[in-house]
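Fold and geometry: a report
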Amino acid sequence: MDLELSETQALVQKTARDFATRVIAPQAAEIDEKEKFPREILRGLAELGLMAINVPTEHGGSGAGVVAAALALQEVARACASTAVMMSVANMVGETIAKFGTDAQKQRHLPKLAGGEYAMGSFALSEPDAGSDPGGMRTTARRDGNEWVLDGAKQWITGGTHAGVIIVWARTAGPETGAKGISCFLVEGGAKGLKVGRPEDKMGIRGSDTVPLELDGCRVPADALFGQENGGFKIAMMALDGGRIGISSQALGIARAALAESVTYAKERKAFGVPIAQHQGIAWKLADMHVQIEAAQLMCMRAAWLKEQGQPFSLQASMSKLYASEMAVRVCNEAVQIHGGYGYIREYAAERHLRDARVTMIYEGTSEIQRLVVARGVLG
Ligand SMILES: Cc1cc2nc3c(=O)[nH]c(=O)nc-3n(C[C@H](O)[C@H](O)[C@H](O)COP(=O)(O)OP(=O)(O)OC[C@H]3O[C@@H](n4cnc5c(N)ncnc54)[C@H](O)[C@@H]3O)c2cc1C
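Before going into details, it helps to say that this report is about the structure given with it. Note that the structure is predicted; figures quoted are calculated from it, not measured.

1. Concerning the overall build of the protein chain
Looking only at helices and strands, the protein chain features eleven helices and ten strands. The C-alpha radius of gyration of the protein chain comes to 21 Å, within 12% of the 21 Å expected for a compact globule of 380 residues. Looking at the protein chain as a whole, 54% of its 380 residues qualify as buried. For the protein chain, the proportion of contacts with a sequence separation of at least 24, taken over those separated by at least 6, is 73%. Of the charged side chains in the protein chain, 41 are positive and 43 negative, and the gap between their average positions amounts to 2 Å.

2. Some details on the nonpolar core
If you look at the biggest cluster of nonpolar residues, it comprises 116 residues, and the most contacted ones within it are Leu-45, Leu-150 and Trp-169. For this core, the leading source of residues is helix H7 (residues 232-268), giving 14 residues.

3. Looking at the packing of aromatic side chains
Here the structure, examined in full by the defined rule, presents four aromatic pairs. Note on Tyr-265 and Tyr-348: the rings are 5.6 Å apart at their centroids and 85° apart in plane angle, and the pair reads as edge-to-face. With a gap of 83 residues between them, Tyr-265 in helix H7 and Tyr-348 in the loop between helix H9 (314-338) and helix H10 (350-358) connect regions that are remote in the sequence. The structure contains a cluster of three or more aromatic residues connected by ring pairs, namely Tyr-265, Tyr-342 and Tyr-348.

4. Comments concerning the site of the ligand
Close to the ligand lie 18 residues; Phe-123, Ser-126, Ser-132, Trp-156 and Thr-366 are nearest. Between the ligand and the protein, one listed contact pairs a nitrogen atom with a backbone N or O atom of Phe-123 at 2.7 Å. Between a nitrogen atom of the ligand and a side-chain N or O atom of Ser-126, the distance comes to 2.7 Å. In the complex, the protein chains occlude 65% of the 980 Å² of accessible area that the ligand would expose alone. Residue assignment for the shell around the ligand shows that the elements contributing at least two residues are strand S3 (147-158) and helix H11 (367-379). Ranked by residues supplied to the shell around the ligand, first place goes to S3 with three residues.

5. Here's the deal with unusual backbone geometry
Within the chain, Ile-205 stands out as a residue other than glycine whose phi angle is a positive 35°. With respect to the secondary-structure elements, Ile-205 resides in the loop between strand S6 (194-196) and strand S7 (210-221). On the basis of relative accessible area, Ile-205 is assigned to the buried category, the value being 4%. Despite not being glycine, Glu-364 has its phi angle at roughly 55°, a positive value. Structurally, Glu-364 can be placed in the loop between H10 and H11.

6. Structural notes on the packing of H7 against H9
Two numbers describe how H7 lies on H9: the axes approach to 8 Å, and their chain directions differ by 25°. By the angle between their directions, the pair H7 and H9 is classed as roughly parallel. In this structure, the crossing between H7 and H9 has a hand that is left-handed. Residues that form the contact of H7 with H9 fall into these classes: 17 nonpolar, six polar and three charged.

7. Notes on the pairing of strand S2 (residues 140-144)
Note that S2 and S3 share five bridges and pair antiparallel. If you follow Thr-140 over to S3, its bridge partner there is Asp-151. Hairpin connection from S2 to S3: two residues lie between these consecutive antiparallel strands, with Gly-145 at a positive phi of about 60°.

8. Examining a nonpolar patch on the surface
On the surface, Met-1, Leu-3 and Leu-298 cluster together into a nonpolar patch covering about 300 Å² of accessible area. Within the secondary structure layout, Met-1 lies in the segment before helix H1 (7-24). On the accessibility criterion, Met-1 (40% relative accessible area) is partly exposed.

9. A closer look at the side chain of Gln-155
Within the fold, Gln-155 resides in strand S3. A polar contact of 3.3 Å, which involves the side chain of Gln-155, links it to the side chain of Glu-200. The residues contacting Gln-155, other than those within four sequence positions of it, are Ser-126, Glu-127, Pro-128, Glu-200, Val-211 and Pro-212.

10. Structural notes on the environment of Pro-128
Within the secondary structure, Pro-128 sits in the loop between strand S1 (120-124) and S2. A C-alpha to C-alpha distance of 19 Å links Pro-128 and Gly-232, two positions 104 residues apart in sequence. Excluding anything up to four places from it in sequence, Pro-128 contacts Ala-153, Lys-154 and Gln-155.

11. Concerning helix H8 (residues 280-308)
Taking 1.5 Å per residue, 29 residues should reach 42 Å; H8 reaches 42 Å between its end C-alpha atoms and fits that length. Just downstream of H8, Gly-310 is the residue with a positive phi angle, here 75°.

12. A word on the packing of H9 against H11
Across the interface, H9 lies against H11 with an axial gap of 9 Å and an inter-helix angle of 140°. Relative to H11, H9 is oriented oblique. Crossing handedness for the pair H9 and H11: left-handed. Here Leu-315, Ser-318, Met-319, Lys-321, Leu-322, Ser-325 and Glu-326 of H9 come into contact with H11, specifically with Ser-367, Gln-370, Arg-371, Val-373, Val-374 and Gly-377. A per-class count over the contact of H9 with H11 returns five nonpolar, five polar and three charged.

The rules behind these values
Residues numbered from 1 in each chain as written. Predicted model: local features only at pLDDT ≥ 70, side-chain atom pairs only at ≥ 80, totals over all residues. Heavy atoms only, no water. Helix = DSSP H or I, 4+ residues; strand = E, 2+ residues; numbered from the N terminus. Rg over C-alpha atoms; globule rule 2.2 N^0.38 Å. Buried < 20%, exposed > 50% of the residue type's maximum accessible area, 1.4 Å probe, protein only. Contact = heavy atoms within 4.5 Å. Lys, Arg positive; Asp, Glu negative; His and termini not counted. Charge placed at Lys NZ, Arg CZ, Asp CG, Glu CD. Core = buried A, V, L, I, M, F, W, Y, C linked by side-chain atoms within 4.5 Å. Phe/Tyr/Trp six-rings, centres within 6.5 Å; stacked < 30°, edge-to-face > 60°. Near = heavy atom within 4 Å. Polar contact = N/O pair within 3.5 Å; in protein donor to acceptor, adjacent residues only side chain to side chain. Areas by Shrake-Rupley, 256 points an atom, 1.4 Å probe, with all protein chains shown as cover. Axes fitted to C-alpha atoms, helices over the stretch in contact; angles between N-to-C directions. Parallel < 35°, antiparallel > 145°, perpendicular 65-115°, else oblique. Left-handed = near helix turned anticlockwise from the far one by under 90°. Nonpolar A, V, L, I, M, F, W, Y, C, P; charged D, E, K, R; others polar. Pairing = 2+ DSSP bridges. Patch = residues over 30% accessible without salt bridge, like charges linked within 9 Å, V, L, I, M, F, W, Y side chains within 5 Å. Salt bridge = Lys/Arg side-chain N within 4 Å of Asp/Glu carboxyl O. Expected span 1.5 Å × (residues − 1).

Purely geometric numbers; function is a separate question.
Okay, structure coming up:
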C-alpha cells in the first residue's frame, strides 16, 4: 500500500478540509441544536464534486477514487458528523448506481445526484423488524403489466425526506427464499404511494434526517428494477462493504475533532496551578487517543486502497468499521472527561461528539455484525 497521497487525493482532501473549516464547522452546533437539514451545505459539497467522489466523470462524478472519498469524508466529519453521514450515504448510492445501473438509470440519476439537483440519494434496506438480518424483510414488489407495485415499510432511512432517488429493497419471491428472493428498485422522491414519516428524534447526528418510509401500492415503471430480479441482496452487501469505509471515515473525523479540542482545552485549563495537560493522567489520555486514531486511520486507508485496487476488501472494511467506531466512542468519552464539567454542557462540542460517535457502532452493520464477519474471516 502506498502511503503517499496522489496529487488528486491531496487535492480532494484539501478541498474538503477548506470547505469544512470555512463553511461547515461554524454551523455544526446549530445544525445539531436545531436539527437543521443542511441543504445549502450539501449543495456546496456537490458543487465541489464531493457528493459523487468515486463516480466516473462521464456520469458527472469526480472519478477521484475510494481513498479520496474516505479522506474527504474524514474532513467533513471533523466539522459536522450529521453532514458527513448524508454525504457518505449519497456517495454510496451514487457508486452503487454507477456500478449496477443500466445506462438509462445512470443517465437519469447520477448527474442530478453528483451535481446537487438531488439534495440526497437514499438507501432503503432496513425495516422496522429487519435491521441486522435484512434477509428477513417483508416489503414486497409485484409485477403488474409495465409496472412494479411496492408495498411495505422501511425504517431509519437517512435523507429519506429529501432524496431525489432511493434504492429500495423488496421481496420479489416468497419469504421462504430468504435473501435469494430480494430485488432492488430505484424509486424517485415524491413517487405516488411513497409516504415519508416523521423524522426520528435522535441522540446524535441530529441534523441528519432519519425517517420511516411507507410504500403503499407505490408504482414504479418496469425499468426501475435495479440489477437482476432476485439479485438485490448481493448488491446490498457489496454497497455496505463500501459504505463501511465511509462510516469508518465518519468515526475518524469525529474522533479527530474530539482530540483536537481536548488538546486545546488541556493546554488552557489549569488545575493545581498548572495546565491539566501537565498532569500525566491527562497527557496519557491524549497520547492514547492519538495512537488509536492513527491505528484506525491506517485500517481505513488499507480497506479503501484495497477497494480502489479492485481487490477483496470486505474483511478489511468490517475490521476498519468495527475498530474506528468503537475507537471514536472511547476517544469522545475521554474528551468529555478531559473537559470535566464543561464536557457535559452544550457550550463545548465534546458532548456532541460523543452523541454523534455512538451511532457509528450501530448503522451499516452493528459492531456485533462486524464481529461476525471478522470471525468468519478468522475461522476460514
Ligand atoms: C441514525 C440511523 C440511520 C440509519 N440509516 C439507515 C439507512 O439510511 N438505510 C438503512 O437501510 N438503514 C439505516 N439504519 C438502520 C441500521 O443499519 C440498523 O439500525 C442496524 O443495522 C441494526 O438493525 P436494528 O436496529 O434492527 O437492530 P437489530 O438487528 O434488532 O439488533 C439488535 C441488537 O441485536 C444484535 N444482534 C442482531 N443479530 C445478532 C447476531 N446474529 N449476533 C449477535 N448480535 C446480534 C445487534 O448487534 C444489536 O445489538 C440507520 C439506523 C440509524 C440508527
